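# Coordinates in review
The lines below spell out each chain.
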Amino acid sequence: TRYFVDHRKVRVVGGQGGGGGHSFYSEPRKIFGGPDGGNGGDGGHVILKADQQMKSLSSVLPFYQGFHGERGGSKNCYGANGAYVYVKVPVGTLVKEDGKVVADLTQHGQEYVAAYGGAGGKGNRFFLSNENRAPTLFTPGEPGQERVLHLELKTTAHAGLVGFPNAGKSSLLRAISSAKPAVAAYPFTTLNPHVGIVHYQDYEQVAVADIPGLIKGAHQNRGLGMAFLRHIERCRFLLYVVDLSVSQPWIQLQDLKYELEQYKKGLSERPCVVIGNKIDLVQSRINLPLLKEQIDDRVIALSALTGDNLEELLLHLRELYDTYVKTEQSRGQNPVKW
């Protein structure tokens, strides 16, 4: 079973450079041909590469080492450089060293050299000079760079479904996409972020992430806390899922925005829409006008179970996506595509 992994500690070591060659050219009638030991090859780097096909850090191993360079040969032959080792990581991977961010791989194909290979040694031919016509000196290859890195994945979906446990986020994702997150009648059914793709007729695709349920105090690491709040950071717009059947559903929305704002300033101010779920229940129909009175944000009332009013959500989701694309293009940046 492949489990969803969004944290990895990795030790990376660059390949060692090859040693310099030590030889003297000799053939019949040319005994003192001089030094001809070539330089050693450089060691291979370890490179992290963002790949759109990767969705988790589960396949990343705890240790990687670049290939060693070959030793320099006679007749001024240089040793071959060591091959690079490429480590595929998901788009949205943050690379940290000693708590500091050293790389942020947010684009498909983006690369980061995690560990440089060592330089190759010099052969005795390199040390030939007018003062020393027969040098015997040669140098060994340098060791590769060694580092311990922490990889952290932040899901790069367009929209994030934010809500308390059992608000119906997973059911909604199942209704609008082909994703199959677990659905059950107990809280914290979803333990890993799931990304569903909403397809439109013009072949545009909007990625929607189902973030595991937040609770009061999530910003203080209560419940699943920090482990999943970070997945909301990359979402361009938010879909607040509120259970309309509970009393005073607007308090849920206030609590959710408070948790997001405490975790990261400005996070609750992103473009959003409030989804009033479970409109098929009698109590929900009573609470809906009360909710609209209490908040200024747009409210879309629907039922993920029966499919009522899903079309309005899909149309508004496309509006949010188109606005995001235009904003990114006006800034001269490439919008995230799935």
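Going by the structure above, here's the rest.
Each value, and the rule that gives it
Residues numbered from 1 in each chain as written. Predicted model: local features only at pLDDT ≥ 70, side-chain atom pairs only at ≥ 80, totals over all residues. Heavy atoms only, no water. Phe/Tyr/Trp six-rings, centres within 6.5 Å; stacked < 30°, edge-to-face > 60°. Helix = DSSP H or I, 4+ residues; strand = E, 2+ residues; numbered from the N terminus. Buried < 20%, exposed > 50% of the residue type's maximum accessible area, 1.4 Å probe, protein only. Lys NZ or Arg CZ within 6 Å of the ring centre and 35° of its normal. Axes fitted to C-alpha atoms, helices over the stretch in contact; angles between N-to-C directions. Parallel < 35°, antiparallel > 145°, perpendicular 65-115°, else oblique. Contact = heavy atoms within 4.5 Å. Nonpolar A, V, L, I, M, F, W, Y, C, P; charged D, E, K, R; others polar. Pairing = 2+ DSSP bridges. Right-handed = clockwise from strand over helix to strand, strands pointing away. Salt bridge = Lys/Arg side-chain N within 4 Å of Asp/Glu carboxyl O. Polar contact = N/O pair within 3.5 Å; in protein donor to acceptor, adjacent residues only side chain to side chain.

## Some thoughts on the packing of aromatic side chains
- Inspection of the entire model under this criterion finds 2 aromatic pairs.
- Ring centres of Phe126 and Phe127 lie 5.2 Å apart, and the angle between their planes is 85°; this geometry places the pair in the edge-to-face category.
- With a centroid separation of 6.4 Å and an interplanar angle of 50°, the aromatic rings of Tyr321 and Tyr324 are classed as tilted. Linking Tyr321 with Tyr324, this pair stays in helix α5 (residues 310–330), spanning 3 residues, or about one helical turn. As far as the burial class goes, Tyr321 and Tyr324 line up, both buried.
- One residue, Arg318, lies across the ring of Tyr200, its end atom 5.2 Å from the ring centre.

## Things to note about unusual backbone geometry
- Backbone geometry at Asp98 places phi at a positive 55°, although glycine is not the residue there.
- Along the chain, Asp98 turns up in the loop between β5 (93–97) and β6 (100–105).
- Here the phi dihedral of Tyr203 falls at roughly 70°; this positive angle occurs in a residue that is not glycine.
- Here Tyr203 lies in the loop between β10 (194–199) and β11 (205–210).

## Concerning the packing of helix α1 (residues 169–176) against α5
- Viewed as axis vectors pointing N to C, α1 and α5 meet at an angle of 80°, and their least axial separation amounts to 11 Å. Relative to α5, the element α1 is oriented roughly perpendicular. Contacts between α1 and α5 involve Leu172, Ala175 and Ile176 from the first element and Leu310, Leu313 and Leu314 from the second.
- Considered class by class, the residues forming the contact of α1 with α5 number 6 nonpolar, no polar and no charged.

## Details of the pairing of strand β13 (residues 272–277)
- For β13, a buried count of 6 out of 6 residues is recorded, marking the element as mostly surrounded by other parts of the structure.
- Here β13 shows no split at all, with Cys272, Val274 and Gly276 on one side and Val273, Ile275 and Asn277 on the other all buried.
- Pairing geometry for strand β12 (residues 237–243) and β13, over 6 bridges, is parallel. When the sheet's bridge partners are listed, Leu239 is paired in β13 with Val273.
- In this region the chain leaves β12, passes through helix α3 (residues 249–263) and returns to the parallel neighbour β13; the handedness of that crossover is right-handed.
- As paired strands, β13 and strand β14 (residues 299–301) are joined by 3 bridges and run parallel to one another. What sits directly across from Ile275, in β14, is Ile300.
- You can see the chain leave β13, run along helix α4 (residues 282–294) and come back into β14, and the turn it takes is right-handed.

## Structural notes on the sheet that holds strand β8 (residues 146–153)
- The strand order across the open sheet built from 5 strands is β3-β1-β8-β5-β6, with neighbouring strands paired in mixed fashion. Both edges of this open sheet fall to β3 (63–65) and β6, since each of them pairs with a single strand only. Adjacent strand axes in the sheet meet at a mean angle of 30° when their direction is disregarded.
- The sheet contact formed by β5 and β8 spans 4 bridges and is antiparallel. Note that in β8 the partner of Leu94 across the bridge is Glu152.

## So, the pattern of salt bridges
- Summed over all chains, the structure comprises 11 salt bridges.
- Note that Asp243 is salt-bridged to Lys278, the shortest N-O span being 3.2 Å. Here Asp243, found in strand β12, pairs with Lys278, found in the loop between β13 and α4; they are 35 residues apart in sequence, far enough to count as distant.
- Classification of Asp243 as buried rests on a relative accessible area of 9%.

## Things to note about the sheet that holds strand β4 (residues 85–90)
- Pairing is mixed across the open sheet formed by 3 strands, whose spatial order is β4-β2-β7. The sheet is open, and its two borders are formed by β4 and β7 (111–115), each paired with just one other strand. Neighbour-to-neighbour, the strand axes of this sheet turn through a mean angle of 30°, independent of strand direction.
- Two strands pair when backbone bridges link them, and strand β2 (residues 46–51) and β7 are joined in this way by 4 bridges, in the antiparallel orientation. Bridging from a neighbouring strand, Ile47 pairs with Val113 of β7.

## Notes on the side chain of His45
- Among the secondary structure elements, His45 is positioned in the loop between β1 (7–13) and β2.
- Residue classification places His45 among the buried positions, given a relative accessible area of 16%.
- Polar side-chain contacts of His45 include one of 2.9 Å to the backbone nitrogen of Gly117.
- Setting aside residues up to four positions removed in sequence, His45 forms contacts with Gly66, Tyr84, Val85, Val113, Ala115, Tyr116 and Gly117.

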